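Remarks on the overall topology
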Amino acid sequence: MWFVWDPVGLACAAATWLLLLSGWAALLSELLGPARGGAEGAAHGALSTALAGLALAAHGRTMLTDPGALPLGAGSGLGAEPGDPRCSACGLARPAGAHHCSVCGRCIRRVDHHCPWVNNCVGEDNRKFFLLFTLYTALAALHALLLLGAPALRGHAPGSPAPRGALLLLLVALYGFLFASVMLALQLCTLCTDRTGRGRGERGWRAAWMNLADAMGRPPSLAWLSPCASPRRPRAGARYAEV
Ligand SMILES: [Zn+2]
Ligand SMILES: [Zn+2]
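Definitions and limits used
- Residues numbered from 1 in each chain as written.
- Chains lettered and ligands numbered in written order.
- Predicted model: local features only at pLDDT ≥ 70, side-chain atom pairs only at ≥ 80, totals over all residues.
- Heavy atoms only, no water.
- Helix = DSSP H or I, 4+ residues; strand = E, 2+ residues; numbered from the N terminus.
- Buried < 20%, exposed > 50% of the residue type's maximum accessible area, 1.4 Å probe, protein only.
- Polar contact = N/O pair within 3.5 Å; in protein donor to acceptor, adjacent residues only side chain to side chain.
- pLDDT = per-residue confidence, 0-100.
- Donors = N, O, S within 2.8 Å, 3.2 Å for Na, K, Ca; no water.
- Tetrahedral: all angles 85-135°; square planar, octahedral: opposite > 155°, others 65-115°.

**Examining the side chain of Asn126**
Here Asn126 lies in the loop between strand S4 (120-122) and helix H3 (127-149). With a relative accessible area of 0%, Asn126 lands in the buried category. Among the polar contacts made by the side chain of Asn126, one reaches the main-chain carbonyl oxygen of Thr62 at a distance of 3.2 Å. Within the structure, the side chain of Asn126 is placed 2.8 Å from the backbone nitrogen of Gly123, a separation counted as a polar contact.

**Quick word on the environment of Cys12**
With respect to the secondary-structure elements, Cys12 resides in helix H1 (residues 7-32). The spacing of Cys12 and Asn119 is 107 residues in sequence and 7.3 Å in space, taken between C-alpha atoms.

**Notes on the confidence of the model for the protein chain**
Parts of the model with low pLDDT should not have their predicted coordinates read in detail. Residues of the protein chain with pLDDT of at least 70 account for 85%, and the chain-wide mean is 86. For the protein chain, per-element mean pLDDT is lowest for helix H5 (residues 204-216), which scores 87, and highest for S4, which scores 97.

**Here we look at the coordination of the zinc ion (ligand 2)**
Working reference: metal with six octahedral donors, ideal angles 90 or 180 degrees; metal with four tetrahedral donors, ideal angle 109.5 degrees. Only Cys101 (SG), Cys104 (SG), His114 (ND1) and Cys121 (SG) from the protein coordinate the zinc ion (ligand 2), and they sit 2.1 to 2.3 Å from it. Considering all 4 donor atoms around the zinc ion (ligand 2), the spread of angles at the metal, 103 to 116°, places the coordination shape in the tetrahedral class. Sequence spacing among the residues donating to the zinc ion (ligand 2) works out to C-x2-C-x9-H-x6-C. With a gap of 10 residues between them, Cys104 in the loop between strand S1 (99-101) and strand S2 (106-108) and His114 in strand S3 (residues 113-115) connect regions that are remote in the sequence. Judged by its relative accessible area of 15%, Cys104 is buried.

Right, here's the structure in full:
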């Protein structure tokens, strides 16, 4: 199993879980607590639980999945071509898009960045889980913001007093929504402009779609939305031969 022993990253990842869980618990106590909102409250409680669960599962998979480290001792990195530069730290020939991460201590294929909040690099093999983590976090936070802004939505009379802990929940939800939606937008921009993947010979939306399908697994299916399903791709080496 892949695991990065970085104290700062581990603290940031733990803080992410704490924020998500505390936001979810605060929302649930408001929806299902003493001033319960009936059937609407229960339905929103189930939805917020599902979104928080999906976000946490995607976070766990991002953190514990090898992001695409070049195998050590293989002489040259998979997919490298003659003339590709050699990494000064691990000595491997690096294919286009691969970079050395000093935190992970490895060269990572098609790496985007090292994200302390998931305590891992975001690269070719865990990009799907990172995309899902940002997507479900943004949706969970948006759901909480809508419920806070419209008491009628959660089955409470309009004008009913603000719930206890509303300010904390508002801050957590706002922070979560802004952070996750910006990260999601940046990831989608990267997929649109990535020239190292299967979409490299393509342009515009077609390139973006091919890169997205490459990250999420082919063929397109509902499994794209599941943090439990690993993306299906051709084996490394044969990766770019198939269109
Ligand atoms: Zn390296
Ligand atoms: Zn890294």
